[in-house]
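# Survey of secondary and tertiary structure
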Amino acid sequence: RLMLACLGLFVFNLKTAPFSERSRSSSWRHARSAPIGARNSSQYIGPGEDTITLTGSISPDITGNLFSLEALRIMADTGDPFMLVLGTGQLVGAFEIDSIDERSSHLYENSRARLTEFSITLSRISNETIDRLALVTSTLSLLNWVYFHD
């Protein structure tokens with residue numbers, strides 16, 4: 001069975017919570033000083049925020065399962081970080097669940113939703129061992145892409 005991604009032991013696929021969009025925002029920190037009569041100087045002091053947002057929709061009659069969002073909320077309640085692995089096998093790193101937003105529409109008479117759109121925001125945390133593994137898997141994925149797409 002194919003997966004879009006895996007967060008801890010939770011697998012994102014067509015039967016759970018399929019996301020249709022993944023966006024990532026990364027930043028880096030620089031200390032800046034403003035000397036008199038010169039341009040600002042800067043020194044790199046480390047990585048900044050790294051967030052991933054997964055956006056998708058669940059239509060229980062067709063794809064997905066509303067209990068999946070509850071399972072993710074239970075994971076978020078622990079406050080623990082979880083490994084994020086993409087369907088390609090790339091280890092992205094350790095991430096905490098910051099927020100889960102959902103919007104239900106096209107309701108049945110019993111208020112069950114025909115369509116639930118969701119957005120999950122994840123923030124990367126620092127873990128040296130995991131960060132090294134993520135770098136290795138990213139490099140291997142890139143080399144694999146370069147080798148097979150020439």
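First, a word on what this report is: a plain description of the structure on this page. Everything numeric in this text was worked out from a predicted model, so none of it was measured. (Residues numbered from 1 in each chain as written. Predicted model: local features only at pLDDT ≥ 70, side-chain atom pairs only at ≥ 80, totals over all residues. Heavy atoms only, no water.)

## Describing the packing of aromatic side chains
Taken as a whole and assessed by the stated rule, the structure comprises two aromatic pairs. Geometrically, the ring pair formed by F10 and F12 is edge-to-face, given 4.9 Å between the ring centres and 75° between the ring planes. Under the relative-accessibility criterion, F10 is labelled buried at 10%. A relative accessible area of 0% places F12 in the buried class. Put simply, the rings of F10, F12 and F19 pair up and form one aromatic cluster. For R114, the ring lying beneath its charged end belongs to Y108, and the centroid distance is 4.0 Å. (Phe/Tyr/Trp six-rings, centres within 6.5 Å; stacked < 30°, edge-to-face > 60°. Buried < 20%, exposed > 50% of the residue type's maximum accessible area, 1.4 Å probe, protein only. Lys NZ or Arg CZ within 6 Å of the ring centre and 35° of its normal.)

## Some points on the pattern of salt bridges
Across all of its chains, the model carries six salt bridges by this definition. Note that R112 is salt-bridged to D61, the shortest N-O span being 3.1 Å. A residue pair is termed long-range when its members are at least 10 positions apart, and R112 in the loop between β6 (91-107) and β7 (113-124) and D61 in the loop between β4 (41-58) and α1 (66-78) qualify at 51 residues. (Salt bridge = Lys/Arg side-chain N within 4 Å of Asp/Glu carboxyl O. Helix = DSSP H or I, 4+ residues; strand = E, 2+ residues; numbered from the N terminus.)

## Examining the pairing of β6
Bridge count between strand β5 (residues 82-86) and β6: four bridges; the pairing is antiparallel. Residue pairing across strands places V85 opposite L91, the latter belonging to β6. What sits between β5 and β6 in their antiparallel hairpin is a turn of four residues, with G89 showing a positive phi close to 100°. With 11 bridges joining them, β6 and β7 adopt antiparallel strand pairing. Within the sheet, the bridge partner assigned to S99 lies in β7 and is T121. Between the antiparallel neighbours β6 and β7 lie five residues, among them S111 with a positive phi of about 75°. (Pairing = 2+ DSSP bridges.)

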